[in-house]
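The primary structure of each chain is shown beneath.
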Amino acid sequence: MSDLNKIALKILESGKGILAADESTGTMTKRLESVKIDSTSDNRIKFRETLFSSNGMKECIGGVILYDETIRQKSSDGKEIPKLLSELGSMPGIKVDTGAKEMANSSSEKITEGLDGLRERLKEYFNLGAKFTKWRGVYNISKDHPSKLSIHSNAHALARYAALVQECNMVPIVEPELLMDGNHSAEDCFKKTSEVIKKCFDELILHKVDLTGIILKPNMILAGSESSEQISNEETAKLTIKCLKESVPSDVPGIAFLSGGQTEIQATENLNLINKFNETNFIMSYSYGRALQQSALKHWAKDISDIAGTQKVFDHRAKMCTLAAQGKWSKELENV
Ligand code: 13P
């Protein structure tokens, strides 16, 4: 077993998942302003430290994806954030892409940037304590999208990123996200997600990436949020498994879904069903941002000094997701 494979398995062991707390300053500002909190550097670390130091981390969160600002910050008692996480048994990770920008010759689509100088930045993050990394390619779905150009370019970038990350002894999270926005059918989401994931693996293999040392972070198969033809959670779970079974090489140890705008309960219920029906050898867990933090953020915003209360809300969500990653969640447990 390679060291990278061990790290990937450790992050996702026993139903543990990943907390995606890597919102860029721009995105974090939107999240904080939505609950009427000023987006100062101090407030950003206050909220994040509240989650990072909570009990649920130990039991449920195998890894935390940090943003560049956060990996350099310290807790209120002066501890480096990667150290705080490591002491709780959670691996520090880092988002290393520099964002999705308008694509030349296909202006309604995005290409993720950040390859220039990446090798040097990776060394720095490794020295700051990072064990794994994230890069997100983003695709919109419509009749003509994602285009061949977007599928090809983003897969190429993801593969070059993953190869450099492994060279630096960290586990790359490979995240191709097809957005929920739009009125496309679940069938379209299935077809296009399959095409995107297959192309990503073609490129990963071409770039000689060790597939046993990556974590795939895909979207679930859903109808567009504006579609009148929504499918049931059972259908989402079955189509998601079918898509991954057909598109992901069996060497990949783990899959950690993004929540992508689903509600906390929907993201939990769908993950639970995926694990109930899972007929693959892949670990199927979570790498949620909004679906782990939304309620905790709302609670915290009401009184930012109520650390224990906020942690209680976060711990509950993390516990529910970890049960779902084992197929052991039920709606009744939400009210216990
Ligand atoms: P969401 O779970 O809020 O989609 O965030 C996950 C993530 O890391 C997106 O890149």
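What counts as what
- Residues numbered from 1 in each chain as written.
- Predicted model: local features only at pLDDT ≥ 70, side-chain atom pairs only at ≥ 80, totals over all residues.
- Heavy atoms only, no water.
- Near = heavy atom within 4 Å.
- Polar contact = N/O pair within 3.5 Å; in protein donor to acceptor, adjacent residues only side chain to side chain.
- Areas by Shrake-Rupley, 256 points an atom, 1.4 Å probe, with all protein chains shown as cover.
- Helix = DSSP H or I, 4+ residues; strand = E, 2+ residues; numbered from the N terminus.
- Buried < 20%, exposed > 50% of the residue type's maximum accessible area, 1.4 Å probe, protein only.
- Contact = heavy atoms within 4.5 Å.
- Arc of directions from axis to C-beta.
- Core = buried A, V, L, I, M, F, W, Y, C linked by side-chain atoms within 4.5 Å.
- Expected span 1.5 Å × (residues − 1).

## Concerning the site of the ligand
- Taken together, 13 residues lie near the ligand, and Lys134, Lys217, Ser259, Gly260 and Arg290 sit nearest.
- In the environment of the ligand, an oxygen atom lies 2.7 Å from a nitrogen or oxygen atom belonging to the side chain of lysine 217.
- Take serine 259: an N or O atom from its side chain is 2.4 Å from an oxygen atom of the ligand.
- Considering the ligand on its own, with 300 Å² of exposed area, one finds that the protein chains cover 91% of that surface.
- Breaking the shell around the ligand down by element, the ones donating at least two residues are strand 6 (132-139) and strand 10 (283-288).

## Observations regarding the side chain of lysine 134
- With respect to the secondary-structure elements, lysine 134 resides in strand 6.
- Given a relative accessible area of 6%, lysine 134 falls into the buried group.
- In this structure the side chain of lysine 134 is engaged in a polar contact, spanning 2.7 Å, whose partner is the side chain of aspartate 22.

## Section: the side chain of glutamine 73
- Position of glutamine 73 among the secondary structure elements: in the loop between helix 5 (68-71) and helix 6 (81-87).
- Among the residues examined, glutamine 73 registers a relative accessible area of 11% and is labelled buried.
- In terms of polar contacts, glutamine 73 uses its side chain to reach the side chain of serine 41, at 3.2 Å.
- Those residues in contact with glutamine 73, other than ones at most four positions away along the chain, are Ser41, Ile45, Lys79, Glu80 and Ile81.

## Observations regarding helix 1 (residues 3-11)
- Turning to helix 1, its buried residues number three or more, namely Leu4, Asn5, Ile7, Ala8 and Ile11. The buried residues of helix 1 occupy an angular sector of 160 degrees when the element is viewed end-on, so they sit on one face.

## Things to note about the nonpolar core
- Core analysis: the largest hydrophobic core is formed by 88 residues, its most contacted members being Phe52, Ile61 and Tyr288.
- Broken down by element, the residue count for this core peaks at nine residues, all from helix 8 (residues 148-167).
- Residues in contact with phenylalanine 52, not counting those within four places in the same chain, are Leu19, Ala21, Met57, Val64, Leu66, Thr70, Ile81, Leu84, Leu85 and Leu88.
- Leu4, Ile7, Ile18 and Ala256 belong to the second largest nonpolar core, which has 14 residues in total.

## Quick look at helix 12 (residues 290-302)
- Helix length check: helix 12 (13 residues) gives 18 Å between terminal C-alpha atoms against 18 Å at 1.5 Å per residue, within 8%.
- Looking at helix 12, one finds that the buried residues are Ala291, Leu292, Gln293, Ala296, Leu297, Trp300 and Ala301.

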